[in-house]
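Breakdown of the fold
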Amino acid sequence: MNDQGAYKPFTYYQLMETSLRELLVEKGILSDEQVNAEVAAMRARQPERGARVVARAWTEAAYKKRLLANATAACEELGLEIPGLHLVAVENTPQVHNAIVCTLCSCYPRVLLGIPPDWYKSRNYRSRMVREPRAVLAEFGLRIPDGTQIRVHDSTADMRYLVLPMRPKGTEDWDEARLAGIVTRDAMIGVAVPTVTGG
Amino acid sequence: MIERGHHDMGGQPAGKVERTEHDYPEWERRVDAMVQLLRTRRKITVDELRKNIEALPPEAYDRLSYYEKWISSLTQTLIQRGVITSDELGRKMEQVEQRAKAG
């Protein structure tokens, strides 16, 4: 990745980033190595992490119970660090479909899903998801039956949500790894549901 | 009556959700990395960052990209904390820009 030192024309904010970073390095507050290591760690945080949690909950009833009771602890059981925040898993059932949003900014279960997609941070999603979720989900191609209640969870800096989707029919004999393969990021945000084809 | 903040948009009318995604360029990832590192070192809190993002004028809030808001807010927070001064930053930005021009 290393494009440090190659000073091509900058935008104002890129210039600010480079300048701030150099000042912090000069002051001994950060080092370039630490910044690079953090960027690498960030790349490693992908939705596959959340998918592991979901697949475990689908295959082990006791784990699912622990996940719903205390998602932070249940993730840590799988070796996933959840630094300093309260994580809540919300379970989809035939009666209730859950979805997450952060109306004020962009809070998101980053440790499990990585950096949020652009649309999650967009004005249109943030504004409308809490007012007309059924219409917004339809725009994602997800039609929730009229008889199913939709519950939208507004995240905060200290409390993040993860949607535990329903295990699709036809996966009864699948093992955990194969199940994890169909759990998409969007399914864990609640704007999609897992399908046997993984689509 | 308390006026609603510009960032406080939950429930407001808005358009269709465009399902946009982009691959984050390195400088944006480094902004994110600096924020995480400074948080764990307790040099900043997430609440300060959020406060400084929310303090952006509505015009800037809408115009700036996500990580442009973050770097503006992070810089502002570190100036408020006295970790850096705006003079230092100004000099450094000039220096980096000169270096960029010199290629």
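Here the structure is a predicted model, which means the values were calculated and not measured.

Contacts between the two partners involve 54 residues from chain B, matched on the other side by 53 residues from chain A. Buried surface at the junction of chain B and chain A, both sides included, amounts to about 5,400 Å², of which 61% is carbon and sulfur. Scanning the region where chain B abuts chain A turns up 10 salt bridges. Residue A:Lys27 pairs with B:Glu88 through a salt bridge whose shortest N-O separation is 2.7 Å. Put simply, chain B and chain A have 27 residue pairs in polar contact (both at pLDDT 80 or more) between them. Residue assignment for the side of chain B that touches chain A shows that the elements contributing at least two residues are helix H1 (26-40), helix H2 (46-54), helix H3 (58-63), helix H4 (66-80) and helix H5 (86-102) of chain B. No other element matches the 11 residues that H1(B) contributes to the side of chain B that touches chain A. Along the lines of polarity and charge, the residues of the side of chain B that touches chain A split into 25 nonpolar, 11 polar and 18 charged.

With that settled, consider the domain arrangement of chain A. What the domain assignment reports for chain A is domain 1 (12-44) and domain 2 (48-189). On a C-alpha basis, the centres of domain 1 of chain A and domain 2 of chain A stand 31 Å from each other.

All names here are of chain A. Between helix H3 (residues 48-59) and helix H4 (residues 61-69), the least distance of the axes is 5 Å, while the angle of their chain directions is 125 degrees. In terms of axis orientation, H3 runs oblique to H4. Two secondary-structure elements touch here, H3 through Val53, Arg56, Ala57 and Thr59 and H4 through Ala61, Tyr63, Lys64 and Leu67. Taken together, the residues that form the contact of H3 with H4 break down as five nonpolar, one polar and two charged.

Among the nonpolar cores identified, the biggest contains 52 residues, and A:Val53, A:Leu67, A:Leu112, A:Trp119, A:Tyr120, A:Tyr125 and A:Ile189 are the most heavily contacted of them. With six residues, the top contributor of residues to this core is H3(A). Once you skip the residues sitting within four places of it in the chain, A:Val53 turns out to touch A:Tyr63, A:Leu67, A:Cys75, A:Leu78, A:Leu80, A:Leu112 and A:Leu162. Grouped together as the second largest cluster of nonpolar side chains are 39 residues, A:Leu15, A:Leu23, B:Ile44 and B:Ala60 included.

Quick notes on the rules
- Along each chain, the written sequence defines residue order, and numbers are assigned to residues from 1.
- Lettering for chains starts from A, numbering for ligands starts from 1, and both go in the order in which the items are written.
- Predicted model: local features are reported for residues with pLDDT of at least 70 only, side-chain atom pairs are reported and counted for 80 or more only, and whole-chain, interface and lining totals are derived from all residues.
- Think of the side-chain values as coming from all heavy atoms in the structure, minus any hydrogens and water.
- Only heavy atoms matter for contacts: two residues are in contact if any of them lie within 4.5 Å across the pair.
- Once two parts are brought into contact, the accessible area they lose, counted with a 1.4 Å probe and summed over both, makes up the buried area.
- Salt bridges, as used here, are contacts in which a Lys or Arg side-chain nitrogen is within 4 Å of a carboxyl oxygen on Asp or Glu.
- Counting of polar contacts relies on pairs of N or O atoms within 3.5 Å, with two restrictions inside protein: one atom must be capable of donating a hydrogen and the other of accepting it, and residues adjacent in sequence are counted only when both atoms are side-chain atoms.
- The helix count covers DSSP runs of H or I at least four residues long, the strand count covers runs of E at least two residues long, and both are numbered beginning at the N terminus.
- Residues are sorted three ways: Asp, Glu, Lys and Arg are charged, Ala, Val, Leu, Ile, Met, Phe, Trp, Tyr, Cys and Pro are nonpolar, and all the rest, Gly among them, are polar.
- The start and end points of each domain follow an automatic or database-based domain assignment.
- Axis angles are defined between N-to-C directions and span 0 to 180 degrees, where every axis is a line fitted to C-alpha atoms and, for a helix, only to the segment in contact.
- Angle categories are assigned with fixed cut-offs, so that under 35 degrees is roughly parallel, over 145 is roughly antiparallel, 65 to 115 is roughly perpendicular, and the rest are oblique.
- Here, the term nonpolar core denotes a set of buried Ala, Val, Leu, Ile, Met, Phe, Trp, Tyr and Cys residues that are joined through side-chain atoms within 4.5 Å.
- Under the scheme applied here, a residue whose accessible area is under 20% of the maximum for its type counts as buried, over 50% as exposed, and between as partly exposed, the area being computed with a 1.4 Å probe on protein chains only.

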